[in-house]
Amino acid sequence: LGLCVSRASASVLNLNCCLVLLPVCRVLLAFLRGSQKVARRKTRRLLDKSKTFHVTCGVTICIFSVLHVAAHLVNALNFSENYNEDFLSLNAANYRGEVSQLYLMSALVPGLTGVIMVLVLFLMCTASTYAIRVSNYDIFWYTHNLFFVFYMLLMLHVSGGVLKYQTNLEEHPPGCFNPNKTLRENVMVPKAFEESFPDYTTEPFPEDLPVPEPFVQNNFMRICSEEPKFQSHFPETWFWISGPLCLYCVERLYRYIRSNKPVTITSVISHPSNVLEVRMIKDDFKARPGQYVILHCPRVSALESHPFTLTMCPTDTKATFGVHLKVVGDWTERFRDLLLLHSNQDTEILPIFQQRRYPKLYVDGPFGSPFEESLNYEVSLCVAGGIGVTPFASVLNTLLDGWKCYKLRRLYFIWVCRDVESFRWFADLLCALHSKLWQENRPDYINIQLYLSQTDGIQKIIGEKYQALNSRLLIGRPRWKLLFDEIAKCNRRKTIGVFCCGPNKISKILHKLSNSSNSYGTRFEYNKESFS
């Protein structure tokens, strides 16, 4: 049973160690998401679950690793208790009763690598928990990169050859009788054989003495023509992980070459609520609205990098692209201090002659996200919470440049934030888009609803600058059920894309409502931002 469980769990581990690498091949996912021939909308929506699939494979690896270790502990006990001198090549133990040093001594490579892999997997698993990722992302980042050590150990682990199979089954079938070998000391002689040969001793069996007819006819035992021969199993793990591992390594090399040249930072803007905007230029950089990039600043961290959604994409007329980032951790704080000459500067673009002081910044990407599909629906509902508004900034910037070339004909934009300071840095774009649509006689193209939970200073700010958004500013939280019913009523028998980037509580509510039926024949398709 121990051998069966260990082999079965090893097969499950091979499969999941193969699949767990595919969701982190970002270039492959971006290609599949952007190719019209390779992936249709339903297939692209499956790609949105890449992070969930990666986590599921990781959890499966942890569970079956525990099962695999437990099965091998049972195997260690069985090898020790069933030590047999007649089959020395099969014995993993060196002597009867050897347990504690069985896999670390007599099976040094598989035992030692197995112990180290368990430790590495334990570190990766515990550091991937939500509490650690939120409190200290650096721990999660560095421990997760131990996966390369895990795979190297895995390749060595399967090369030990502890488990073996018999190669000469025809010449020596299991349970056969060898007349040239003494058996009385180790196996029980059949009763029919003792009755026919009462004078039998432990001396070698005479070759010219015939085997008793009853013994052969009743199939008590077959005759062996040679000694059993055993050979180690060929490691199947290589077949499972070599392809995905090579694919991942090639992609990492491609990404390194593509992002090896630093970008040119054109401006840095410090917005209220600890939001920093960085605008950049890079040769031959192309991106679609809704995609994200990975920023790497060696002066902040030699190994650490972070994903940020593009809030401004390059177009045919301008090469500038940009990101907005929330200053909430050590990395973003150090990055802000390097970009701003004085950390107390506020909402001022740094002069041109000061740009040489910017640190080197490398951009990897762009990579795909669900929000690329927001322009491919006839009707889209975009819901943002706090800084989660950034994915929709690039979409609105694209509509500001021109909306007629896209399938989208109506956009519901809902933004929920705590205070008016969070609202200010994004209001200029909303006002510009609102003014453009009014001039083109399409005021119904976008439906804007802004929800604020704090009211201090609202009248002052709205009255001074953002009159166009005054009627769209609401106090409190959205009534999601009524909102979905109203949208469904106005868009009967249509398919509406629902896009959310915000707290999990809002996401769960929208997901549940999207899966609910309505009396208007309207179908809601839910999409959620998930960095892979």
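Residues numbered from 1 in each chain as written. Predicted model: local features only at pLDDT ≥ 70, side-chain atom pairs only at ≥ 80, totals over all residues. Heavy atoms only, no water.

A. The overall build of the protein, seen in detail. Summing up its helical and strand segments, the protein has 18 helices and 14 strands in all. Among the 532 residues that make up the protein, the fraction classed as buried is 45%. When contacts within the protein are restricted to residue pairs at least 6 apart in sequence, long-range pairs at least 24 apart make up 74% of them. Accessible surface, the protein: about 29,000 Å² in total, of which carbon and sulfur atoms supply 57%. (Helix = DSSP H or I, 4+ residues; strand = E, 2+ residues; numbered from the N terminus. Buried < 20%, exposed > 50% of the residue type's maximum accessible area, 1.4 Å probe, protein only. Contact = heavy atoms within 4.5 Å. Areas by Shrake-Rupley, 256 points an atom, 1.4 Å probe, with all protein chains shown as cover.)

B. Just the side chain of S301, in detail. Relative to the helices and strands, S301 is located in the loop between strand 5 (292-296) and strand 6 (306-312). Polar side-chain contacts of S301 include one of 3.1 Å to the backbone nitrogen of E304. (Polar contact = N/O pair within 3.5 Å; in protein donor to acceptor, adjacent residues only side chain to side chain.)

C. Quick peek at the packing of helix 9 (residues 147-157) against helix 12 (residues 237-258). Running from N to C, helix 9 and helix 12 point in directions that differ by 150°, and their axes come no closer than 11 Å. In terms of axis orientation, helix 9 runs roughly antiparallel to helix 12. Crossing geometry of helix 9 relative to helix 12 is assigned as left-handed. Contacts between helix 9 and helix 12 involve F147, Y151, M152, L154 and M155 from the former and T237, W238, I241, L245 and Y248 from the latter. Considered class by class, the residues forming the contact of helix 9 with helix 12 number nine nonpolar, one polar and no charged. (Axes fitted to C-alpha atoms, helices over the stretch in contact; angles between N-to-C directions. Parallel < 35°, antiparallel > 145°, perpendicular 65-115°, else oblique. Left-handed = near helix turned anticlockwise from the far one by under 90°. Nonpolar A, V, L, I, M, F, W, Y, C, P; charged D, E, K, R; others polar.)

D. Region of the structure containing helix 18 (residues 504-514). If you check which residues of helix 18 are buried, you get I506, S507, L510, L513 and S514. An end-on view of helix 18 places all buried positions within 135° of arc, on one side of the element. Across from the buried face of helix 18, at angles greater than 90 degrees, the exposed residues are K505, K508 and K512. The inward-facing, buried residues of helix 18 contact strand 9 (379-385), helix 17 (480-490), strand 13 (495-501) and strand 14 (523-528). (Arc of directions from axis to C-beta.)

E. The arrangement of the sheet that holds strand 10 (residues 410-417) in detail. Taken together, six strands build an open sheet; the order of strands is 12-11-10-9-13-14 and the sheet is parallel. Both edges of this open sheet fall to strand 12 (473-475) and strand 14, since each of them pairs with a single strand only. Along the sheet, successive strands turn relative to each other by an average axial angle of 20°, direction set aside. As paired elements, strand 9 and strand 13 share six bridges and run parallel to each other. (Pairing = 2+ DSSP bridges.)

F. Summary view of the sheet that holds strand 3 (residues 264-271). Within the open sheet, the six strands sit side by side as 3-4-7-6-5-8. Their pairing is antiparallel. Unpaired on one side and paired on the other, strand 3 and strand 8 (362-367) mark the two borders of the sheet. Neighbour-to-neighbour, the strand axes of this sheet turn through a mean angle of 35°, independent of strand direction. As defined by bridge partners, strand 6 adjoins strand 7 (residues 321-326) across two bridges and the pair is classed as antiparallel. If you follow M312 over to strand 7, its bridge partner there is G322. Contacts from helix 12 reach strand 5 and strand 8 within the one sheet, and its direction differs from that of strand 8 by about 125°. The strands touched by helix 13 (residues 330-339) within the sheet are strand 3, strand 4 (275-281), strand 5, strand 6 and strand 7, with strand 4 carrying the most contacts at an inclination of about 60°.

G. Quick look at the nonpolar core. Grouped together as the largest cluster of nonpolar side chains are 32 residues, with contacts concentrated most on F392, L396, L399, F413, W415, F426 and I446. Secondary-structure elements contributing two or more residues to this core are strand 9, helix 14 (390-401), strand 10, helix 15 (420-439), strand 11 (446-452) and strand 13. The element contributing the most residues to this core is helix 15, with six residues. Judged by nonpolar contacts, the second largest core, of 26 residues, contains V263, V278, C297 and C313. (Core = buried A, V, L, I, M, F, W, Y, C linked by side-chain atoms within 4.5 Å.)

H. Seen up close, the pattern of salt bridges. Across all of its chains, the model carries 10 salt bridges by this definition. Of the charged contacts, one joins E525 and R523 as a salt bridge, the two residues approaching to 3.4 Å between their closest N and O atoms. A relative accessible area of 44% means that R523 is categorised as partly exposed. One continuous salt-bridge network, built from bridges that share partners, spans E251, R255, R258 and D364. (Salt bridge = Lys/Arg side-chain N within 4 Å of Asp/Glu carboxyl O.)

I. Layout of the UniProt feature "transmembrane region" (unreviewed entry) in the protein. The residues that UniProt annotates with the feature "transmembrane region" (unreviewed entry) are residues 12-32, 53-74, 102-127 and 139-158. Between the first and last C-alpha atoms of residues 53-74 the distance is 32 Å; the span itself is 100% helix and 0% strand. (UniProt positions renumbered as here; feature names shortened; annotations may be inferred.)

J. Main features of the environment of I132. Here I132 is to be found in helix 7 (residues 130-135). Residues contacting I132, with those up to four places away along its chain left out, are T126, A127, Y137 and I139.

K. Region of interest: the environment of W403. On the secondary structure map, W403 appears in the loop between helix 14 and strand 10. According to the relative accessible area criterion, W403 is buried, its value standing at 7%. Placed 42 residues apart in sequence, W403 and Y445 show a C-alpha to C-alpha distance of 9.5 Å. Filtering out sequence-adjacent residues up to four positions away, W403 remains in contact with L408, R409, K436, L437, E440, R442 and Y445.

L. The packing of helix 17 against helix 18, seen in detail. Where helix 17 contacts helix 18, the two axes come as close as 11 Å, and the packing angle between them is 40°. Between helix 17 and helix 18, the interaxial angle falls into the category oblique. Here helix 17 runs over helix 18; the crossing is right-handed. Contacts between helix 17 and helix 18 involve W480, K481 and F484 from the former and I506, I509, L510, L513 and S514 from the latter.

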